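For reference, the chains in residue letters:
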Amino acid sequence: MLVLYARLPLLVRVLSSLAVAWLLITGGLAPPALAERAADPISVMAQSQNVHFPDYIDFQMSASDSLAPIVSAYIHVSIPLLDVDNTNRVAVNAAKTITLHWRMNTSGDNYVMPGATITYYWELSDSLGNVHSNKYTSFIVTDTRFSWKSATQGYMHLHWYSETPGFGQALLTRATTDEQHLVEVTGLNYHQTFDLWVYSSENAFRSALPPDTLEWVGGEAFPPLNEAFFMVSSLTDETLARDMPHEMTHLLLHQTVSAHTDVPLWFDEGLAVYCQLYHEPEMTDRLNEALRSHSLLPLSRLMERFPSDSDSAYLAYAESWNLVDYMYRTFGKPTLQHLFQLLGSGKQTFDESLQAAIGEDQAHLENQWHLALHQPPTLSPAEMQTPVAQPVTTARSQLPVPATSDNRDIALAGLGALLMLTALLGTALLLVSVRNQRLQALAAVEAAEQILAVSRRDWQGPPPFGVPPSPGPQGGWPGPSAPGTASGFSYFDRDRPFGLPGKEEGPLSPPSQEPESEGQGPWSPGSEH
């Protein structure tokens, strides 16, 4: 046979070799064990998962093996949002047909929020070494405690469970109005679907959030999932005008900003508060209190996380709102839209985008904002090199603004200085006029004293021989009565036309009377200014 095979043509020998190889590969000539392995005797008959939010998720699976007992099982679970990728061994009672159950704890530190996607698959092995891995299965976690109703408008998916008649439609109308408001204020548009989950009670809302959520939180957005949670107990509740546009703003901003760009928390939250349709007066009061005590929180503390205590957190929100409002009023809506475009490109950091859009980095922006609020500067004189941006004339949105200083402080300061100079000039002219009037009155008094003295001499006749005449009044303010004056008084002392000595009305106090000053009163006209 070997001799005959060797004498066959080359083409025939090649084709026969290929045929033998094909038979081996397909199992036609393979040993029984190899053929059985290739057929995969293990098959999964059914599998399912049941979410019991927020406590746990149950996974079930049934499988069979046509050759041997199944002796081991693993379940591989992945939650991309939380960077979870775990493999868990599941206990098996060896048998050709099995039913497995595994419970995943999702409470406490293992919290998995609604909207998160979970992917899993089972891996089974039998006693012959056959291994079976089934296909990946994915599902989205939901809050299974409620029977949710849904409505869709454009990119928005709205979910609620309240049984109040007309609640869902009214909520959808309000959400659509909020979306139009956000587009008008920011100039941005949604381009991805997003979900809004509306809870009707405080307890239900709190239990749906992560366990470390602070107690003062009124709503929460998860931009990676394009979803947000908040509570609406009544359509007339002021929190509806506050929380819905607030959380929708977070989703809108993060749909705009590149995933490669980190936006500081003060800008994220400040824009969200700026876009609210309702602002608590207490927020403005808290900001004004900090302004009076010069106790604003530095932006360095508001970059990644707000303070945990409610009072400081409230101030952080108020500051962030006021700073974003300052940016809109100072640089204008088109400039902020340019900033959003730069942030969306992903080519620059937030600081670089800010510098390119408004000509200021965060440090200089904070310093300029402090000065506008009449607060201590945050930079040294050597660091204040960036020119102050001039206010724009574009009209701003009609939103509540804290009762703080605006960007016209420089003009107002100049006007105030001009008014002060005018007042000082008027005061000086008034003092000069008063002084001239006093001098004129003094001259009239002196003339009157001289006339009275002459009249007395004429009336009394010439003095006795050897008695010198009375010296009469001297120049300046008249002093005590001259010797021989009837009743010992002077005309000036009786009228006191300019007030009592020592109570002179004017900017300067009179000097003390010098001793032995003949013919001088308490002070001379030359001391007036």
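Further up the page is the structure itself.
Predicted model, so just to flag it, every value in this text is computed and none were measured.

## Things to note about the overall build of the chain
Inference 1: Helices and strands together make up the secondary structure of the chain, namely 14 helices and 13 strands.
Inference 2: For the chain, buried positions account for 40% of its 529 residues.
Inference 3: Long-range pairs, those at least 24 residues apart, make up 66% of the contacts in the chain between residues at least 6 apart in sequence.
Inference 4: For the chain, the accessible area works out to roughly 29,400 Å², and carbon and sulfur atoms hold 58% of it.

## Notes on the pairing of strand S2 (residues 56-65)
Inference 1: Counting buried positions along S2 gives eight out of 10 residues, so the element sits mostly inside the fold.
Inference 2: Pairing analysis gives 10 bridges linking strand S1 (residues 42-52) to S2, with the strands arranged antiparallel. When the bridges of S2 are listed, Val-51 appears paired with Ile-57.
Inference 3: Between S1 and S2, which pair antiparallel in sequence order, lie three residues.
Inference 4: Sheet topology note: the S2/strand S5 (residues 97-105) ladder contains nine bridges and is antiparallel. Looking at the pairing, Gln-60 lines up with His-101 of S5.

## Quick word on the sheet that holds strand S9 (residues 149-153)
Inference 1: One open sheet accounts for five strands, arranged S9-S10-S11-S13-S12; its pairing is mixed. Here the strands that pair on one side only, and so sit at the sheet edges, are S9 and strand S12 (219-222). On average, each strand axis in the sheet is inclined to that of its neighbour by 15°, with strand direction left out of account.
Inference 2: Pairing of S9 with strand S10 (residues 156-160), which is carried by five bridges, proceeds in the antiparallel orientation. Of the residues in S10, the one forming a bridge with Ser-150 is His-159.
Inference 3: Sheet strands in contact with helix H4 (residues 167-186) are S9, S10 and strand S11 (194-199), and its direction is about 145° off that of S10.
Inference 4: In the packing of helix H6 (residues 238-256) onto the sheet, contacts are made with S10, S11, S12 and strand S13 (227-231), and the angle to S13 comes to roughly 170°.

## Topic: the side chain of Glu-366
Inference 1: Take Glu-366: it is sitting in helix H12 (residues 362-372).
Inference 2: Nearest to the buried, unbridged Glu-366 among oppositely charged side chains is Arg-301, at 10 Å.
Inference 3: One polar contact links the side chain of Glu-366 to the main-chain amide nitrogen of Leu-299, over a distance of 3.1 Å.
Inference 4: Look past the residues within four positions of Glu-366 in its chain and what remains in contact with it is Pro-298, Leu-299 and Thr-378.

## Details of the pattern of salt bridges
Inference 1: With the rule as written, the count across this model stands at nine salt bridges.
Inference 2: One salt bridge connects Asp-178 with Arg-174, and the closest N-O pair in it is separated by 3.9 Å. With Asp-178 and Arg-174 both in helix H4 and four residues apart, this pair spans about one turn of that helix.
Inference 3: In this structure, Arg-242 and Asp-243 form a salt bridge, with 2.8 Å as the shortest nitrogen-oxygen distance.
Inference 4: According to the relative accessible area criterion, Asp-243 is buried, its value standing at 7%.
Inference 5: A single salt-bridge network, built from bridges that share partners, covers Arg-242, Asp-243 and Glu-280.

## A word on unusual backbone geometry
Inference 1: Here the amide bond leading from Phe-53 into Pro-54 is cis, since omega sits at 0°, within 30 degrees of zero.
Inference 2: Looking at where Pro-54 falls in the secondary structure, it is placed in the loop between S1 and S2.
Inference 3: At Asp-83, a position not held by glycine, the phi torsion is positive, near 55°.
Inference 4: Looking at the secondary structure, you find Asp-83 in the loop between strand S3 (70-79) and strand S4 (84-90).
Inference 5: Take Asp-83: its relative accessible area is 73%, and that puts it in the exposed class.
Inference 6: A positive phi angle, close to 50°, is found at His-294, a residue other than glycine.
Inference 7: With respect to the helices, strands and loops of the structure, His-294 is situated in the loop between helix H8 (281-292) and helix H9 (310-331).

Rules and cut-offs
Residues numbered from 1 in each chain as written. Predicted model: local features only at pLDDT ≥ 70, side-chain atom pairs only at ≥ 80, totals over all residues. Heavy atoms only, no water. Helix = DSSP H or I, 4+ residues; strand = E, 2+ residues; numbered from the N terminus. Buried < 20%, exposed > 50% of the residue type's maximum accessible area, 1.4 Å probe, protein only. Contact = heavy atoms within 4.5 Å. Areas by Shrake-Rupley, 256 points an atom, 1.4 Å probe, with all protein chains shown as cover. Pairing = 2+ DSSP bridges. Axes fitted to C-alpha atoms, helices over the stretch in contact; angles between N-to-C directions. Lys, Arg positive; Asp, Glu negative; His and termini not counted. Salt bridge = Lys/Arg side-chain N within 4 Å of Asp/Glu carboxyl O. Polar contact = N/O pair within 3.5 Å; in protein donor to acceptor, adjacent residues only side chain to side chain.

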